[in-house]
Amino acid sequence: MSQSGHGITVPLNAPLADHPRLIRELRAAGYTDVWSAEVDGLDGFTPLTVAGLADPDVRLGTAIVSPYTRGPATLAMTAAALAEVAPGRFRLGIGAGSAPIVEAWNGASFDRPYQRVRDTVRFLRAAFAGDKVTEDYETFSVRGFRLSRPPQSPPPILVAALRPGMLRLAGREGDGAILNWLSAEDVKRVVPYVHEGGPDKEIVARIFVVPIEDRDTARAIGRRMITSYLTVPVYADFHRWLGRAEELAPMWAAWAEGDRKRALELVPDAVVDDLIVHGGPDRCRAGIARYVEAGVTVPVLAVVDPRPDAGPIEAALALGPGTD
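Every value quoted in this text rests on a predicted model; they were computed, and no experiment measured them. (Residues numbered from 1 in each chain as written. Predicted model: local features only at pLDDT ≥ 70, side-chain atom pairs only at ≥ 80, totals over all residues. Heavy atoms only, no water.)

Draft legend 1. A look at the overall build of the protein. Counting secondary structure elements, the protein contains 14 helices and 11 strands. Expected size for 324 residues packed as a compact globule is a radius of gyration near 20 Å; at 19 Å, the protein falls within 12% of this value. Split into buried and exposed, the 324 residues of the protein put 52% on the buried side. Long-range contacts, defined as pairs at least 24 residues apart, comprise 72% of the intrachain contacts of the protein with a sequence gap of at least 6. (Helix = DSSP H or I, 4+ residues; strand = E, 2+ residues; numbered from the N terminus. Rg over C-alpha atoms; globule rule 2.2 N^0.38 Å. Buried < 20%, exposed > 50% of the residue type's maximum accessible area, 1.4 Å probe, protein only. Contact = heavy atoms within 4.5 Å.)

In structure tokens, the structure reads:
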């Protein structure tokens, strides 16, 4: 499947009230998509609603919202509302998330993530079709729920996936996969699992970009990001599976011992360079292009610009694909 878009992560580093103007500027620079990130800032739907109303053609996607943090009916209603705001332009990306978000922050149990995501996809398919759902799924039950305003254009459902089981689920029951925290070479390894469900499945990947020439500073930023994310069990297991156990074992050990400073020092430069696109505009564009060449259909940039005088989208505009 050829490239089908070029995305940016929202919310941007600016007040939400400023997003309509900024989204229009990004669209003029050639971005086709905005994809939300829901962690500990804004929720995954409101910034997309703002973007969808700001531009009549921008495509929207959640990357991701978790089926643990909203009940099945609430998730279906919220997605149906956004599909009504942007008919035919919205993709619902769901994923299990991680134990800190699900358990420590939202009071739920991070139990059987594969089954919970699978059950949620099946429920959403029925709900978006306008069916009355009474079903005992493996991880939850629904009694007599029907969307009174099912979306006229049911949104495609993408599944956030790391390892083979969820990647296959994304291709078999979803409309594609959302990838995160992997290199362009890693994409070549994971995409075939998704394509077992069909060659036309969408492959969305969030790509972290630090658009500065100073390699040492960029790597220092990358190390902080890597120790924050890749110490979370689901991501640690992912990178063990990808073959980085030996490279990352010293960092994991220092982190487990509570030595955060030492953990930062133990992240190899090669791992930072694999997982974080950094450098000037041309170097960053080339790094993003490698993901597309490896099988990503929608690269979604998450731009981390540490320069104090940089505007909220200055770097993103410099990396824009243009309007051709």
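Moving on, there is more to tell.
Draft legend 2. Just helix H8 (residues 215–229), in detail. In a regular helix each residue adds 1.5 Å, so 15 residues correspond to 21 Å; H8 covers 21 Å between its end C-alpha atoms and thus fits that length. All of the buried residues in H8 are Ala218, Arg219, Ile221, Gly222, Arg223, Met225, Ile226 and Thr227. Tucked inside the fold, the buried residues of H8 contact strand S9 (202–210), helix H10 (245–256), helix H11 (260–265), helix H12 (269–275) and strand S10 (277–278). Taking the backbone nitrogen of Asp216 as reference, a side-chain oxygen 3.1 Å away marks Asp214 as the first, capping residue of H8. (Expected span 1.5 Å × (residues − 1). Polar contact = N/O pair within 3.5 Å; in protein donor to acceptor, adjacent residues only side chain to side chain.)

Draft legend 3. Looking closely at the packing of aromatic side chains. If you walk through the whole model with that rule in mind, you get 11 aromatic pairs. Ring plane angle 40 degrees and centroid distance 5.2 Å describe the contact between Trp181 and Tyr229, whose orientation is recorded as tilted. A residue pair is termed long-range when its members are at least 10 positions apart, and Trp181 in the loop between strand S8 (176–180) and helix H7 (184–195) and Tyr229 in helix H8 qualify at 48 residues. Overall, the relative accessible area of 30% leaves Tyr229 in the partly exposed class. Centre to centre, the rings of Tyr229 and Tyr235 are 6.2 Å apart; their planes meet at 80 degrees, and the pair counts as edge-to-face. Tyr235 sits in the buried class, given a relative accessible area of 15%. What links up through ring pairs into an aromatic cluster is the set Phe123, Tyr137, Phe140 and Phe145. (Phe/Tyr/Trp six-rings, centres within 6.5 Å; stacked < 30°, edge-to-face > 60°.)

Draft legend 4. View of the pattern of salt bridges. In this structure the tally under the stated criterion is 26 salt bridges. Notably, a salt bridge pairs Arg59 with Asp33, separated by 3.0 Å at the nearest N-O pair. Here Arg59 is found in strand S3 (residues 59–62), whereas its partner Asp33 is found in strand S2 (residues 33–36), with 26 residues between them in sequence. Looking at Arg59, the relative accessible area reads 22%, which means it is partly exposed. A salt bridge links Glu265 to Arg262, with the shortest nitrogen-to-oxygen separation between them at 3.4 Å. Here the residue Glu265 and the residue Arg262 both occupy positions in helix H11, the gap between them amounting to three residues, near one helical turn. Connected via shared salt-bridge partners are Asp111, Arg112, Arg118, Asp119 and Glu138. (Salt bridge = Lys/Arg side-chain N within 4 Å of Asp/Glu carboxyl O.)

Draft legend 5. The arrangement of the packing of helix H5 (residues 113–128) against helix H6 (residues 164–172) in detail. At a minimum axis separation of 10 Å, H5 and H6 run at an interaxial angle of 5 degrees. Taken as axis vectors, H5 and H6 run roughly parallel relative to one another. Across from Pro113, Tyr114, Val117 and Arg118 in H5, the residues of H6 making contact are Gly165, Met166, Leu169 and Arg172. Looking at side-chain class alone, the contact of H5 with H6 contains five nonpolar, one polar and two charged residues. (Axes fitted to C-alpha atoms, helices over the stretch in contact; angles between N-to-C directions. Parallel < 35°, antiparallel > 145°, perpendicular 65-115°, else oblique. Nonpolar A, V, L, I, M, F, W, Y, C, P; charged D, E, K, R; others polar.)

Draft legend 6. Structural context of the side chain of Arg118. The topology assignment puts Arg118 in helix H5. We classify Arg118 as buried; its relative accessible area is 14%. Residue contacts for Arg118: discarding those within four places in its chain leaves Glu138, Leu169 and Glu173.

Draft legend 7. Representation of H6. Looking at H6, one finds that the buried residues are Pro164, Met166, Leu167, Leu169, Ala170 and Gly171. Of the surrounding elements, those touching the buried residues of H6 are H5, strand S7 (157–160), S8, H7 and helix H9 (233–242).

Draft legend 8. The arrangement of unusual backbone geometry in detail. Here the amide bond leading from Val10 into Pro11 is cis, since omega sits at 5 degrees, within 30 degrees of zero. Counting through the fold element by element, Pro11 comes out in the loop between strand S1 (7–10) and helix H1 (19–28). Residue Ile64 is bonded to the preceding Ala63 through a cis peptide linkage, with omega at 10 degrees. Considering the arrangement of structural elements, one finds Ile64 in the loop between S3 and helix H3 (72–85). For Arg112, which is not glycine, the phi torsion reads 50 degrees and is therefore positive. Along the chain, the position of Arg112 falls in the loop between helix H4 (99–105) and H5. Even without being a glycine, Trp181 presents a positive backbone phi close to 55 degrees.

Draft legend 9. A look at the packing of H7 against helix H13 (residues 281–294). Orientation of H7 relative to H13, taken along the N-to-C sense of each, is 15 degrees, at an axis distance of 8 Å. Of the possible angle classes, the one that applies to H7 and H13 is roughly parallel. The interaxial crossing formed by H7 with H13 has right-handed handedness. Contacts from Ala184, Val187 and Lys188 of H7 reach H13 at Arg290, Tyr291 and Ala294. Of the residues that constitute the contact of H7 with H13, the class distribution is four nonpolar, no polar and two charged. (Left-handed = near helix turned anticlockwise from the far one by under 90°.)

The values reported here are purely geometric and, on their own, carry no functional implication.
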